[in-house]
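Examination of the molecular architecture
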2 protein chains.
Amino acid sequence: MPPRLEDRPNMRLLGQAGSRQYLSTPALILDLDAFEANVAAMASWARETGIGLRPHAKTHKSSRIAKALIAAGAKGSSVATISEAEAFVDAGVGGVLITSTLVTGDKIARLVALNDRARDLMVIADDPGNVEKLAGAASAAKPLNVMIDVEVGSGRTGVVGTASVINLIERVNSYPSLRFAGLQAYNGSVQAIPGHSDRAAKLDADLTPLRELLAALSARGVKPPIVSGGGTGTHQLDAKSGLFTELQPGSYIVMDRIYGACDLRGSGLGTFRHSLFVRTSVISTAKPGYVTTDAGLKAFSTDSGAPVIATGAPQGATYSFKGDEHGRISFAEPGQSMAIGHQVECVPPHCDPTVNLYDCYHVVRGDTLVDIWPIDGRGHW
Amino acid sequence: MPPRLEDRPNMRLLGQAGSRQYLSTPALILDLDAFEANVAAMASWARETGIGLRPHAKTHKSSRIAKALIAAGAKGSSVATISEAEAFVDAGVGGVLITSTLVTGDKIARLVALNDRARDLMVIADDPGNVEKLAGAASAAKPLNVMIDVEVGSGRTGVVGTASVINLIERVNSYPSLRFAGLQAYNGSVQAIPGHSDRAAKLDADLTPLRELLAALSARGVKPPIVSGGGTGTHQLDAKSGLFTELQPGSYIVMDRIYGACDLRGSGLGTFRHSLFVRTSVISTAKPGYVTTDAGLKAFSTDSGAPVIATGAPQGATYSFKGDEHGRISFAEPGQSMAIGHQVECVPPHCDPTVNLYDCYHVVRGDTLVDIWPIDGRGHW
């Protein structure tokens, strides 16, 4: 098993000026200045806009970061898995919303046990049979908060059709062991559409079912306590839609190549800076025109193109994968070179699955390693 | 942090008949019957062929599996990182060959410390300055075994040119703290070429520098103690080349979609069965034509296409990624369906980076969970 954080080689560098330059690689870097600026910018925008935030931890998987976001005003933390929820609740995070359906007996049992020791835990549901199973497992002594998941374009979980949603809400309300907590309407498919106007148009069309549902509920005198959805790419549009009480963006705290390639016009994305990097060392200079590094397919997500070199390489150099454990930095000009042992930092292609590859963040302030934060929500269990 | 293995939910299913069907998902499955057949088939082929095996642990990252391979006749274990080497040596694995260059001061210090407590540890080098640093750190009391890495088509680490290799061997021989252990000549780029004759032709051309080098060394009376290289896709061709004393295949123990798509003619690949699967549960059936599962971008590698459904889904169904934590099973025929909570198993697109996402193997014999093996070499540290 990996050594405890306190036994890792990089721990000896904590607090040493310039230590960012000498980390054992590959290392996941969190630049605190940029991270804190991102957290503050979104928090201040949300305050001014009058909308809640329950930022999504599928990006960071760290109870430490969830707490930092709550300290900045977030209502809690959205999470993707029961294991993230357990790690966060047991670290003292309140207001955890599990944004995936939990349908098997083992996970429902863990959910109910977790609910007993949690503050304001919520889970989503999109199926009558699942609601019945949740109701059977939960207890009226501490009812389980259930949000109904509504399909608005993600094509994953989510009920289709106003009548079906209303039916499911009534079913939740019929059980004393459950409490109707509101609606989730998340649209992952629209978040990273590069063009701003394309993104706005698709979002507007995709939100039609939610608009109709809320009107139908209003006509029946039903006001969902929470309507949660939205993300980094659409947060300003989500707020303008007037449909949500709170948003669950994740990537804005770190950003990545995907969001870096989005058209920023009017989307508020220009506010956010890259705070997440993978640091890698040159381990071979044996060939002309390129050098080989120690960060390959296991050090970056591979679902969204190649890493983008942020610092440390000659002008115009590009990064590519060369297998499980190797990367390549190709030079743009003849005569460019890099010395063996030299380090570069790259912006990951996609933040969430990149973070998922690591056990800890190397937290830096400028050029100094100031802390190491465990990624305590990672892994499947 | 993730719970200890002994505290995980799936532990309670150990030894229960049919428990494979009820695992908490997503779960990485190792099918023992297929795994053992693969290990035995390669071992028996190597024995008959008279070639050594030092299977590559970048595939499995498990000291338990490394020991099983040694018990079946392997000379040791190839590894990709210093952290894998440390985990394996400290678990009692001998004959570890680190197939990446270690060039930074922190890693060289760990390498030398590890060499003091290891049996027959080896590392590669492709750079004169690196050899000098290794020599300065190592001690004549227990010399460090150094293999010279030769470029044969991978385009990663590896010296180009017979004269440069000979120069580097002489440099290694000049230091009492180093011992020339042989040559590494690994060609990752050719392993998974789908057509057998294309693969054979490219390999033959790529091995030319090694052929010339060995002839030049022979003319000088130098016989490298070890010549290591080759992989699953080319192992029969590697042996026929007569250039290698041992091979370092990895994927054959588990196989994957990549190797499943290779033309098997005369390559020996037809011998090997899929033993590695990702098990996932249906968590939403709210839409017609498809269901949503709990295994997405964080449960599979994404560098080599989509997972292939092995068992559990209707005829013709296909798998696709729907974000970080979700997958989709799309039906081929109208009227096909799957119940909520139903589980399927998929062949991963690429075995090595898929294993790297998990902390343990769920080891099954038929339909029974019989053990849980830690993936003790995973992670970067």
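**Quick word on unusual backbone geometry**
- A cis amide bond links T25(A) to the next residue, P26(A), at an omega of -5 degrees.
- Among the structural elements, P26(A) can be located in the segment before β1 (27-31).
- Phi at K61(B) is positive, roughly 50 degrees, even though this residue is not glycine.
- Considering the arrangement of structural elements, one finds K61(B) in the loop between β2 (52-53) and α2 (63-71).
- The class for K61(B) is buried, based on 26 C-beta atoms found within 10 Å.

**Notes on the sheet that holds strand β4 (residues 96-101) of chain B**
All names here are of chain B.
- If you walk across this open sheet you meet the eight strands as β2-β9-β8-β7-β6-β5-β4-β3, and the pairing is parallel. If you trace the sheet from one side to the other, it starts and ends with β2 and β3 (77-79), each paired once.
- Sheet analysis places β2 next to strand β9 (residues 246-247), joined by two bridges and oriented parallel. Bridging across to β9, G52 finds its partner in E246.

**Some details on the environment of E333(B)**
All names here are of chain B.
- With respect to the helices and strands, the residue E333 is situated in the loop between β14 (327-330) and β15 (343-347).
- The exposure class assigned to E333 is exposed, which follows from the 9 C-beta atoms found within 10 Å.
- Taking the C-alpha atoms as reference points, E333 and I375, separated by 42 residues in sequence, lie 39 Å from one another.

**A look at the interface of chain B and chain A**
- The interface is formed by 60 residues belonging to chain B together with 60 residues belonging to chain A.
- Broken down by secondary-structure element, the contributors of at least two residues to the side of chain B that touches chain A are β4, α4 (105-117), α5 (128-137), β10 (276-284) and α11 (351-355) of chain B.
- Residues that form the side of chain B that touches chain A fall into these classes: 19 nonpolar, 22 polar and 19 charged.

**Structural notes on the environment of P348(A)**
All names here are of chain A.
- Residue placement: P348 occurs in the loop between β15 (343-347) and α11 (351-355).
- C-alpha of P348 to C-alpha of R257: the two residues are 91 residues apart in sequence and 6.1 Å apart in space.
- In this structure P348 touches D256, R257, L276, V278, F300, S301, P307 and T354, once residues within four positions along its chain are discounted.

**Quick notes on the nonpolar core**
- Core analysis: the largest hydrophobic core is formed by 211 residues, its most contacted members being V96(A), I98(A), V146(A), V96(B), I98(B) and V146(B).
- Leave out the neighbours within four places in its chain, and V96(A) touches G76(A), S77(A), V79(A), A85(A), F88(A), V89(A), A118(A) and L121(A).

**Concerning the sheet that holds strand β4 (residues 96-101) of chain A**
Residues and elements named next belong to chain A.
- Here eight strands make up an open sheet; going across it, the order is β2-β9-β8-β7-β6-β5-β4-β3 and the pairing parallel. Two strands in the sheet have a free side with no partner beyond their single neighbour: β2 (52-53) and β3 (77-79).
- In this sheet, strand β6 (residues 144-149) lies alongside strand β5 (residues 122-125) in parallel orientation, the contact comprising four bridges. By the bridge assignment, A125 is partnered in β6 with I148.

**Description of the relation of the copies chain B and chain A**
- In screw terms, the move from chain B to chain A is a rotation of 180 degrees and a rise of 0.0 Å along the axis, fitting with an RMSD of 0.0 Å. The transformation just described matches what one would write down for a two-fold rotation axis. Proximity to the rotation axis, assessed at the C-alpha, singles out T302(B) in chain B; its C-alpha lies 2.9 Å from the axis.
- By residue overlap, the copies meet face to face through one surface: 100% of the interface positions of chain B are interface positions in chain A.

**Structural notes on the pairing of strand β8 (residues 226-229) of chain A**
Residues and elements named next belong to chain A.
- Alignment of strand β7 (residues 178-185) against β8, held across four bridges, turns out to be parallel. The residue of β8 that forms the bridge with G182 is I226.
- Relative to strand β9 (residues 246-247), β8 runs parallel, the two sharing two bridges. Counted as the bridge partner of S228 is E246 from β9.
- Taking the sense of rotation as the criterion, the β-α-β connection linking β8, helix α9 (residues 235-241) and β9 turns out right-handed.

**Concerning the domain arrangement of chain A**
- Entries for chain A in the domain assignment read domain 1 (5-30 + 272-374) and domain 2 (95-249).
- On a C-alpha basis, the centres of domain 1 of chain A and domain 2 of chain A stand 38 Å from each other.

**A short note on helix α1 (residues 32-49) of chain B**
Residue and element names in this part refer to chain B.
- Given a rise of 1.5 Å per residue, 18 residues ought to cover 26 Å, and the 25 Å separating the end C-alpha atoms of α1 matches this to within 8%.
- Among the residues making up α1, those that are buried are F35, N38, V39, M42 and A46. On an axial view of α1, the arc spanned by its buried residues comes to 95 degrees, and they lie on one face. Turned more than 90 degrees away from the buried face of α1 sit D33 and E48, all of them exposed.
- For α1, the secondary structure elements touched by its buried residues are β1 (27-31), β2 and α2.
- Phi turns positive, to about 75 degrees, at G50, one or two residues after α1.

The rules behind the values
- Residues numbered from 1 in each chain as written.
- Chains lettered and ligands numbered in written order.
- Predicted model: local features only at pLDDT ≥ 70, side-chain atom pairs only at ≥ 80, totals over all residues.
- Helix = DSSP H or I, 4+ residues; strand = E, 2+ residues; numbered from the N terminus.
- Buried ≥ 20, exposed ≤ 12 C-beta atoms within 10 Å, placed from the backbone.
- Pairing = 2+ DSSP bridges.
- Contact = placed C-beta atoms within 7 Å.
- Nonpolar A, V, L, I, M, F, W, Y, C, P; charged D, E, K, R; others polar.
- Core = buried A, V, L, I, M, F, W, Y, C linked by C-beta atoms within 7 Å.
- Least-squares fit on C-alpha atoms with pLDDT ≥ 70 in both.
- Right-handed = clockwise from strand over helix to strand, strands pointing away.
- Domains from an automatic or database assignment.
- Expected span 1.5 Å × (residues − 1).
- Arc of directions from axis to C-beta.

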